[in-house]
Every structure is written in structure tokens, then in C-alpha cells.
Amino acid sequence: MPSSADEPRIAGVVLAGGLSRRMGGGDKALKLLGGRTILDRVIARAVPQVDPLALNANGDPGRFAGTGLAVIPDSVEGFPGPLAGVLAGLEWARERGSTHVASFACDAPFLPDDLVSRLWQAIEENGAEIASARSDGREHPVFALWPVALADALRTALVEEGVRKVDVWTARYRLAHAAFSTAPVDPFFNVNRPEDIEAAEAALNPRAER
């Protein structure tokens, strides 16, 4: 979303630092969906909403060279989960003068075009510190908007307290939600298993492509 001196400066991070165990290993984000990688679809939807956008991933960054994004690894060892990716994004964005970071899962090819603006609206309307997405009564905690000012607190929670679950950490702060419709497809549908690719392919057919 655009920003001025009075508005938030929102960077973005696509979280791809997991081990993809349910997909059988490898990079699930690089699986093809309708002739394009899932990651390409996520990036195409995320880029217009933030500035800049980075990719949180571990291992050889060269495999993501085609995205043109900065690749930032977890700065906490042991693959501690999505909070480590959020922390990497917050620390990266802090160096660039951003005020907030929007996080996106790497396996959700239908994520909303207005996710970031809706999350910011939820923060403003509720006087919240963090906002995350919701659809059909379900929470989607990794689709969230985080203030960069919480980076040090998150590092402490991960390294010194062993916090791993997103909702355990966000419970410490004022958290708002932005609710999204699931028609014609849940925008937070994620491709975790091989059979999910077939379901996503089916969802592409009635959906207008961009």
C-alpha cells in the first residue's frame, strides 16, 4: 500500500522457511500450479501491497534467484517455525526504515489483493498493535501485520523463552482481525499436501486470472 509521512511504511516478507514435511520435503512453493510456481503467484499478489518485499528461506538462496527478491534466512537456529521468519522480516525491515511488516505464507496462491490495507484498517479501527486474517471463522495467524518496534521482544520470546506458537506470542499484545469471504474460494487456502495441488488447480478454473 502507498505511504506518506503520516502513514505506515509497510515492508513484506513471504515465509518459506519451513521444511515442507507434509509435501514430502523440498520447496512446496516451487511446485507448479497452472503453469506457474505457487511462489510466483504469491509474489504477484503481495508485491503491489508492500514496499519492499523479501523472501524468508533457509538453505541455498540461489534456488530463488528467479524471484528477484532479497532472500533472508532465519536468524534463530533450529527451524523454530513461522515466528522465526517474522523476526527475520522485522529485523530486515527495521534496517530499511519500515514501520511494519506484512507476512504472507508461501503456499497460499489465492491470498487477497487487499490483505495489507484491510489489516491496517483493522489496526486503526481497534487500536491494536497486530492484525491477522480470518476467514470462515478460522484464524490465519501468519497472514498478519506486525510493528517493527516488536522485533526485540520477539527475539527474546524465541531465544530466551522458547516461544514457538504464533498465537502464544500475539496473545501478549492487542490483536485485531480482518475477516475475508471464502467465495468463490478461501483466499487462505494453502497447498500443504500433493492432493492440495489438484484442489488448487480446480479452484483456478472459475477464478479470473490476473
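Residues numbered from 1 in each chain as written. Predicted model: local features only at pLDDT ≥ 70, side-chain atom pairs only at ≥ 80, totals over all residues. Heavy atoms only, no water.

The next point concerns the overall build of the protein chain. In terms of regular secondary structure, the protein chain is built from six helices and nine strands. Expected size for 210 residues packed as a compact globule is a radius of gyration near 17 Å; at 16 Å, the protein chain falls within 12% of this value. C-alpha atoms of the protein chain, sized along the principal axes, occupy 40 × 35 × 30 Å. Taken across its 210 residues, the protein chain has 50% of its residues classed as buried. Within the protein chain, contacts between residues at least 6 apart in sequence are counted, and of these 70% link residues at least 24 apart. Per element, the accessible surface of the protein chain, about 9,800 Å² overall, is 50% carbon and sulfur. Between the averaged position of the 22 positive side-chain charges in the protein chain and that of its 28 negative side-chain charges there is a distance of 3 Å. (Helix = DSSP H or I, 4+ residues; strand = E, 2+ residues; numbered from the N terminus. Rg over C-alpha atoms; globule rule 2.2 N^0.38 Å. Buried < 20%, exposed > 50% of the residue type's maximum accessible area, 1.4 Å probe, protein only. Contact = heavy atoms within 4.5 Å. Areas by Shrake-Rupley, 256 points an atom, 1.4 Å probe, with all protein chains shown as cover. Lys, Arg positive; Asp, Glu negative; His and termini not counted. Charge placed at Lys NZ, Arg CZ, Asp CG, Glu CD.)

Turning to the pairing of strand S6 (residues 100–105), a few remarks are in order. The buried fraction of S6 is high, at six of six residues. Here strand S1 (residues 10–15) runs beside S6; their pairing, made up of six bridges, is parallel. Bridged to Ile10 within S6 is His100. Pairing between S6 and strand S8 (residues 138–147): four bridges, direction antiparallel. The residue of S8 that forms the bridge with Ser103 is Ala144. (Pairing = 2+ DSSP bridges.)

What follows covers the packing of helix H2 (residues 82–95) against helix H4 (residues 151–159). Relative orientation of the contacting elements H2 and H4 amounts to 150°, with a least axis distance of 9 Å. The angle between the axes of H2 and H4 places the two elements in the roughly antiparallel class. When you trace H2 past H4, the crossing you get is left-handed. In this structure, H2 contributes Leu83, Ala84, Val86, Leu87, Leu90, Glu91 and Arg94 to the contact, and H4 contributes Ala151, Asp152, Leu154, Arg155 and Leu158. (Axes fitted to C-alpha atoms, helices over the stretch in contact; angles between N-to-C directions. Parallel < 35°, antiparallel > 145°, perpendicular 65-115°, else oblique. Left-handed = near helix turned anticlockwise from the far one by under 90°.)

This part takes up H4. Among the residues of H4, those classed as buried are Ala151, Leu154, Ala157 and Leu158. Along the axis of H4, the buried residues cluster in a sector spanning 125°; they form a single face. Taken together, the buried residues of H4 touch H2, S8 and helix H5 (166–170). (Arc of directions from axis to C-beta.)

Glancing now at the pattern of salt bridges. Tallying each qualifying case throughout the model produces eleven salt bridges. A salt bridge links Asp186 to Arg138; the nearest nitrogen and oxygen atoms lie 2.6 Å apart. Within this pair, whereas Asp186 is found in the loop between strand S9 (175–180) and helix H6 (194–204), its partner Arg138 is found in strand S8, the two being separated by 48 residues in sequence. With a relative accessible area of 13%, Asp186 lands in the buried category. Residue classification places Arg138 among the partly exposed positions, given a relative accessible area of 42%. (Salt bridge = Lys/Arg side-chain N within 4 Å of Asp/Glu carboxyl O.)

For the rest of this paragraph, the subject is the packing of aromatic side chains. For the structure shown, the criterion picks out five aromatic pairs. For the ring pair Phe180 and Phe188, a centre distance of 5.5 Å and an interplane angle of 80° mean the geometry is edge-to-face. The two residues Phe180 and Phe188 agree in class, both being buried. What links up through ring pairs into an aromatic cluster is the set Phe143, Phe180 and Phe188. The side chain of Arg118 reaches across the aromatic face of Phe180, ending 4.2 Å from its centre. (Phe/Tyr/Trp six-rings, centres within 6.5 Å; stacked < 30°, edge-to-face > 60°. Lys NZ or Arg CZ within 6 Å of the ring centre and 35° of its normal.)

Turning our eyes to something else, we now look at the side chain of Asp186. A polar contact is formed between the side chain of Asp186 and the side chain of Arg138, at a distance of 2.6 Å. Residues within four places of Asp186 in sequence aside, it is in contact with Phe110, Ser135, Arg138 and His140. (Polar contact = N/O pair within 3.5 Å; in protein donor to acceptor, adjacent residues only side chain to side chain.)

It is worth spelling out helix H1 (residues 38–46) at this point. Across the nine residues that make up H1, a large majority, seven, are buried. Of the positions making up H1, those classed as buried are Ile38, Leu39, Arg41, Val42, Ile43, Arg45 and Ala46.

On to the confidence of the model for the protein chain, then. Per-chain confidence: the protein chain averages 91 in pLDDT, with 90% of residues scoring 70 or above. Note on residues 20–24: pLDDT under 50 across the span, and 14 contacts to partners over four residues away in sequence or across chains. (pLDDT = per-residue confidence, 0-100.)

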